[in-house]
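Reading the structure
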Amino acid sequence: MATAGTNQRQAKLVLLGDMGAGKSSLVLRFTKGQFFDYQESTIGAAFLTQTLSVNDTTIKFEIWDTAGQERYHSLAPMYYRGAAAAIIVYDITNPDSFTRAKKWVQELQSQGSSSLVMALAGNKADLEAKRSTKPEEAQAYAEENGLFFMETSAKTSQNVMELFYEIAKRLPKLQPAAQPAGISFSERSAPPASKSSMCCV
Amino acid sequence: MDEEYDVIVLGTGLKECILSGLLSVDRLKVLHMDRNDYYGGASASLTLNQLWAKYRGTEKPPASLGSNREYNVDLVPKFMMANGTLVRVLIHTDVTKYLSFKAVDGSFVYKQGKIYKVPATDVEALKSPLMGLFEKRRARKFFIYVQDYEEKEPRTHEGMNLRAVKTKELFAKFGIEENTIDFIGHALALHRDDDYLNQPAYDTVMKVKLYAESLARFAGGSPYIYPLYGLGELPQAFARLSAVYGGTYMLAKPDCKVEFDESGKAVGVTSEGETARAKKIVCDPSYLPNKVKKVGKVVRAICIMSHPIPDTNDAQSVQVILPQKQLNRKSDVYVFCCSFSHNVAPKGKYIAFVSTEVETDNPERELEAGLRLLGPIDEKIIDTYERFKPVNESSLDNCFISESYDPTTHFETTVADVLQMYKGITGKELDLSVDLSHASAAEE
């Protein structure tokens, strides 16, 4: 989708928030333009990638979903390691999910890097009639804690692109080396016929 | 958690996490629990504060050691052979994408009080000060034989059936001296004692080949690689694989009591008053202490230093093997050192481990020869742990228990245990015939 900019950058982005707040739906809307009313818990997707161009920079987001490990608070330190950005998602119709979003922000502040770009997303903005968290309240919390805030709807796609664009714009121009250079084993593109079916992504 | 699962896994050590990942990928419904609030169990990597809490009680780590969170101190330090089975498992499961590795700088062997770079090829044999002039030539011939050997090509066998010929007979044919046999058997083939000399030579030849091929892989100073941020990343990565395929994770679950029916078959696990049912239980020895027996004891020194190990060309990561015969022991002593270059310590700091199988009443003394190689040590922690082996019959009780980690500084034995357990649990072999050349090592 993006025309190649002069600078190419990779950025790990992690999602946090309660089960059912719509983390996977936001990613699916952003990466594939899809939405399902009954989104199954994500199976088999290690992470999704999507490229965005901001000014003269092309950013390849490597988006990590929690894979359900948030359910019993068993997210591994590896999840936060090297993350350049995080989206903390809550459901505007569920007050508990907003309370827990604040816990995730605390967790990030202790585990993540200090240059992390943090976004607070009040999802399910299409369900105005059932709203329990006012945007003013979330906005005030976000400002106090150094996050930027947007209300989104993965269902109508309201503000979804905007959310990721805003993150891309806020990423530090020169990313401090999050991952020091190392060997990574990458699958060389092999002829399809000879390649055994590898799952995922 | 009051649900029914195909398998409940207890403990998030590396072996349990690999199994959990493989079983979830096989579409089995997996519940994975740990009594600790962190991943890794006996194979975790600890921060400085966690390390001090474990071994020094209420004492705080000295400020001179630097930032707590920059430390990732392995509880079971091991390197990965670049072409070894763990790398095959990582590629097979695609878990490599969560991890980043760096080659290990050096591989050394101890002989008569000094350490030498381990020669692994005919060319290196000729250059090595480890051997005299004539011995170099004999070793060179041996290495050429090993490099050329292909089981399917009888012309490379030179008339020997390696499945029948004993290893010591193969060495005798090349006229290899005892000191050379020592380093080939222990530092290249990574045998832990001398039993292999009376076993068929095939296994040793394949192991020496693996070492040489791994060495060639990244053109580093050793055949080993090691993950950035320490080995604790490995269980986390496999746990993520399991979760991505639907595995459920619960940490900080006290008790985790395995429940049995009248016939002695495991039927589930109870924790905090709730019982999850399952057809099979996979765990480390600490969760079923009545079904394991003690098979040995490991002693290790965890040392924090401000310099690389002397005489290793300033290697920032290195393995030194001290073969048992050199120390008049029954088992080898292993030295493992890693540093800030692998993100396991702050800049300028090195973490060295000396470990061995306990043979006497004074385990700390058994480490002396290894500790002497290190030079000045800032902080030293001595620890012993008992090793256990399962004694149950899995077909009768539905329990699959891993063995404790051995003191070797590599993963070959670890993965062998995992593969055997996988076969026991699923009834099928894990096909690891991945094409290693497909996974090229891309320097980022």
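What counts, and at which threshold
- Residues numbered from 1 in each chain as written.
- Chains lettered and ligands numbered in written order.
- Predicted model: local features only at pLDDT ≥ 70, side-chain atom pairs only at ≥ 80, totals over all residues.
- Helix = DSSP H or I, 4+ residues; strand = E, 2+ residues; numbered from the N terminus.
- Buried ≥ 20, exposed ≤ 12 C-beta atoms within 10 Å, placed from the backbone.
- Contact = placed C-beta atoms within 7 Å.
- Rg over C-alpha atoms; globule rule 2.2 N^0.38 Å.
- Pairing = 2+ DSSP bridges.
- Right-handed = clockwise from strand over helix to strand, strands pointing away.
- Domains from an automatic or database assignment.
- Axes fitted to C-alpha atoms, helices over the stretch in contact; angles between N-to-C directions.
- Parallel < 35°, antiparallel > 145°, perpendicular 65-115°, else oblique.
- Left-handed = near helix turned anticlockwise from the far one by under 90°.
- Nonpolar A, V, L, I, M, F, W, Y, C, P; charged D, E, K, R; others polar.

All right, on to the overall build of chain A then. Helices and strands together make up the secondary structure of chain A, namely five helices and seven strands. When the helices and strands of chain A are listed from N to C terminus, the series reads β-α-β-β-α-β-α-β-α-β-α-β. Scored against the burial criterion, the 201 residues of chain A give a buried share of 40%. Partitioning the intrachain contacts of chain A with sequence separation of at least 6 by distance along the chain shows that 75% fall at a separation of at least 24.

This next bit is on the overall build of chain B. Secondary structure assignment for chain B yields 13 helices and 20 strands. What you see for chain B is a C-alpha radius of gyration of 22 Å, in line with the 22 Å of a compact globule of 444 residues. Across its three principal directions, the C-alpha atoms of chain B cover 70 × 55 × 50 Å. Classification of the 444 residues of chain B by burial places 52% in the buried group.

Bringing the pairing of strand 2 (residues 30-33) of chain B into the picture now. Residue and element names in this part refer to chain B. Neither face of strand 2 is exposed, since Val 30 and His 32 on one face and Leu 31 and Met 33 on the opposite face are all buried. Where strand 1 (residues 4-10) and strand 2 come together, four bridges link them in parallel fashion. Across the sheet, the residue bridging to Leu 10 is Met 33, located in strand 2. After leaving strand 1, the chain enters helix 1 (residues 14-25) and then returns to the sheet as strand 2, a path that is right-handed.

Right, let's get into the domain arrangement of chain B. For chain B, the assigned domains read domain 1 (4-45 + 232-292 + 390-426), domain 2 (57-105 + 294-387) and domain 3 (117-217). Between domain 1 of chain B and domain 3 of chain B, the C-alpha centre-to-centre distance is 38 Å.

Attention now goes to the environment of Tyr 141 of chain A. Note that Tyr 141 of chain A resides in helix 4 (residues 135-144). Sequence separation of Tyr 141 of chain A and Leu 120 of chain A is 21 residues, and the distance between their C-alpha atoms is 9.5 Å.

Let's shift gears to the packing of helix 1 of chain B against helix 9 (residues 233-244) of chain B. All names here are of chain B. The interhelical angle for the contact between helix 1 and helix 9, taken along N-to-C directions, is 20°, at an axis separation of 8 Å. Compared by their axis directions, helix 1 and helix 9 come out roughly parallel. Relative to helix 9, the crossing made by helix 1 is left-handed. Across the interface between the two elements, Leu 14, Cys 17, Ile 18, Ser 20, Gly 21, Ser 24 and Val 25 from helix 1 touch Leu 234, Pro 235, Phe 238, Ala 239, Leu 241 and Ser 242 from helix 9. Of the residues assigned to the contact of helix 1 with helix 9, the class counts are nine nonpolar, four polar and no charged.

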